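# Fold and geometry: a report
Chain by chain, the residues run as shown.
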Amino acid sequence: MIRTPDAGWLDPLVGCLQRAQEGLLGLLAWAGLAGTSHGQAAWPWALRLSGEHLLIDAGQARRLALTLLVLALAALALGLAALWRKPRWFLVAAVPLLLVAAPWPQASVLFVPAVPTSFHRSPTGFDAVSIARGGELYAQHCVACHGVDGRGQGPLAAAQPVWPPDLAGPLLWRRADGELLWRLLHGMQDRHGAATMPAFAQLGDADAWALIDFMKAQAAGQSLRATGAWAGPVGLPDVEVRCEARPPRRLASWRGQRLRIVAAGTPQAALREDPRVVTVLLRRGDEAASGAGGECVAESSAAWHAFSLIAGTTALAGTQWLVDRDGWLRALGAPGQAAWSEDDLLCRTEAGSRSAPAAPPGDGLGALIARMDAEPVRFLKGGFVH
Ligand code: HEC
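Calculation criteria
Residues numbered from 1 in each chain as written. Predicted model: local features only at pLDDT ≥ 70, side-chain atom pairs only at ≥ 80, totals over all residues. Heavy atoms only, no water. Buried < 20%, exposed > 50% of the residue type's maximum accessible area, 1.4 Å probe, protein only. Helix = DSSP H or I, 4+ residues; strand = E, 2+ residues; numbered from the N terminus. Pairing = 2+ DSSP bridges. Contact = heavy atoms within 4.5 Å. Axes fitted to C-alpha atoms, helices over the stretch in contact; angles between N-to-C directions. Near = heavy atom within 4 Å. Polar contact = N/O pair within 3.5 Å; in protein donor to acceptor, adjacent residues only side chain to side chain. Nonpolar A, V, L, I, M, F, W, Y, C, P; charged D, E, K, R; others polar. Salt bridge = Lys/Arg side-chain N within 4 Å of Asp/Glu carboxyl O. Donors = N, O, S within 2.8 Å, 3.2 Å for Na, K, Ca; no water. Tetrahedral: all angles 85-135°; square planar, octahedral: opposite > 155°, others 65-115°. Parallel < 35°, antiparallel > 145°, perpendicular 65-115°, else oblique.

## Topic: the pairing of strand S13 (residues 320-323)
Of the two faces of S13, the one holding Gln320 and Leu322 and the one holding Trp321 and Val323 are both buried throughout. Sheet analysis places strand S10 (residues 259-263) next to S13, joined by four bridges and oriented antiparallel. By the bridge assignment, Arg260 is partnered in S13 with Leu322. Where S13 and strand S14 (residues 328-333) come together, four bridges link them in antiparallel fashion. Bridging across to S14, Trp321 finds its partner in Leu332. Hairpin geometry of S13 and S14 is characterised by an intervening segment of four residues between the two adjacent antiparallel strands and by a positive phi of about 85 degrees at Gly327.

The following block contains the structure:
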């Protein structure tokens, strides 16, 4: 995955900016000062701070970090001046000096246009049913321009004022989900205001979120086929699971534990329970129940389809996945593969497994688990991830 030497301090800075803006919006909504747009609190300004620009322009990011430090110093000086029993005018005088001396970053890098939904979060939980619904809508409304595989080679693509982008690349990981939602529902324009991507206002919010889920799943599979890895981390599709006679629960309810998802069709031996992971057997739902496999079973054609899409394959039977404690898909085992190895990781750091404690030789699963635990996914939209 992409990494720069600066990522160590840059990621937290960008993360802070993001959380500060979300916090501000939450506060406005709590105070009743923010309207709503598409079901969630609306960002009231036409601009927002741009983490994605700062990640590209490390020089400006450094200026911003220094400016924030100087502002903190200025606030401290003001605070001290106010608290001192006798007035300390030199402290007050230092404030404008500090403000002038601060290396302010360029406003054009720091701010980007925002839309009311810029900070919206998807309400779907990456549900398999939502991914399937998105797939139907995509085939109906989007294929003509964006192509069956999302690479922008649909029959109408050449007739568009600009070529549709490659949705199978890193684009969807870079964009804020809420801004994708806005563009789907309200369309896109070029710099002269002429329409480029049509608006799909007739789709409701739920359908637009479903389309985003589908596009992400499809992009994951396409990039796996093309490069053998993902442009960004992919979450675990959610589905209902039955564990023997217990009441059904959602796959997402195991957050905090490691999971192994096994697509039915695997020989019994490979399905041996392992105490380090919760094993869930995925069944397509249309074949006769065989009673074989793990004690927890997800039987859903939508989930089967979602996992096939993410794996970029139509032959899913026998595929295994490892899911980390935070609900990210981390490793893919091909059908028939005898044992796990670190090559199965889908999202790797260039730093390698230096930080992970060594597992005993021959214990591929142990090595993968150690690495997943030692290197949790730190995902920022547009940010650096491993
Ligand atoms: C008539 C052709 C056409 C159709 C139909 C169409 N698009 Fe697009 N789409 C485009 C073009 C052209 C662009 C690039 C616009 C630009 O960059 O200004 C685009 C851009 C996008 C983007 C990138 C947005 C971004 O942030 O850069 C997404 C996502 C997208 N389309 C999704 C969809 C979905 C989902 C559908 C179906 C509901 C759809 N499109 C239907 C032509 C189309």
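## So, the sheet that holds strand S12 (residues 296-299)
The strand order S7-S14-S13-S10-S11-S12-S8-S9 describes an open sheet built from eight strands, whose pairing is mixed. The two strands at the open ends of the sheet, each matched to only one other strand, are strand S7 (234-235) and strand S9 (249-250). Where strand S8 (residues 240-243) lies against S12, two bridges are found, and the strand directions are antiparallel. Within S12, the position partnered with Cys243 by the bridge is Cys296. Sheet strands touched by helix H11 (residues 301-311): S7, S10, strand S11 (278-283), S12, S13 and S14. Its angle to S11, the strand with the most contacts, is close to 105 degrees.

## Focus on the site of the ligand
In the vicinity of the ligand lie 20 residues, with Cys142, Cys145, His146, Arg183 and Met197 positioned nearest. The separation between an oxygen atom of the ligand and a polar side-chain atom of Arg175 is 2.5 Å. Here an oxygen atom of the ligand and a side-chain polar atom of Arg183 are 2.4 Å apart. Elements represented by at least two residues in the shell around the ligand include exactly helix H7 (143-146), helix H9 (177-186), strand S6 (195-197) and helix H10 (205-227). Here the shell around the ligand takes three residues from H9, the largest share from any one element. The residue makeup of the shell around the ligand, split by class, is 14 nonpolar, four polar and two charged.

## Let's talk about the pattern of salt bridges
Opposite charge on two side chains lets them pair, provided their charged atoms get close. As enumerated under the stated definition, the model contains 19 salt bridges in all. In this structure, Arg325 and Asp373 form a salt bridge, with 3.9 Å as the shortest nitrogen-oxygen distance. Separated by 48 residues along the polypeptide, Arg325 in the loop between S13 and S14 and Asp373 in helix H12 (residues 364-374) bring together distant segments of the chain. For Arg325, a relative accessible area of 37% corresponds to the partly exposed category.

## Overview of the coordination of the iron atom of the ligand
The iron atom of the ligand binds to the protein through His146 (NE2) and Met197 (SD); the donor distances cover 2.0 to 2.1 Å. For the iron atom of the ligand, the six donor atoms are set out with angles of 86 to 179 degrees between them, so the coordination reads as octahedral. Within this pair, whereas His146 is found in helix H7, its partner Met197 is found in strand S6, the two being separated by 51 residues in sequence. Met197 shares its class with His146; the two are buried.

## Regarding the pairing of S14
Counted residue by residue, S14 has six buried out of six residues, so it is predominantly covered. Across two bridges, S7 lies against S14 in antiparallel orientation. Bridge pairing in S14 places Gly235 opposite Trp328.

## Quick notes on the packing of H10 against H11
The angle between the axes and the distance between the axes are what describe a pair of packed helices. Relative to each other, H10 and H11 sit at 45 degrees, their axes nearing to 5 Å. Overall, the two elements H10 and H11 adopt an arrangement that is oblique. Between H10 and H11, the residues in contact are Phe214, Ala217, Gln218, Ala220, Gly221 and Leu224 and Leu309, Ile310 and Ala311, respectively. Taken together, the residues of the contact of H10 with H11 break down into seven nonpolar, two polar and no charged.

## Thoughts on the side chain of His146
Look at His146 and you get buried, because its relative accessible area is 12%. With residues up to four places along the chain from it excluded, the contact list for His146 reads Tyr138, Arg151, Gly152, Gln153, Gly154, Pro164, Pro165, Leu167 and Met197.

## Side note on the side chain of Thr319
Relative to the assigned elements, Thr319 resides in the loop between H11 and S13. The exposure class of Thr319 is buried, given its relative accessible area of 3%. Every residue in contact with Thr319, bar those within four places of it in the chain, is listed here: Ile261, Val262, Ala263, Leu332, Gly333 and Pro335.

## Quick word on the environment of Leu368
As for its placement among the helices and strands, Leu368 is situated in helix H12. On the basis of relative accessible area, Leu368 is assigned to the buried category, the value being 0%. The sequence separation of Leu368 and Leu322 amounts to 46 residues, and the corresponding C-alpha distance is 8.8 Å. The residues touching Leu368, leaving out its near neighbours within four places in the chain, are Leu322, Ala331, Trp340, Ser341, Glu342, Asp344 and Leu345.

Spatial relationships are all this shows, so hold off on functional conclusions.
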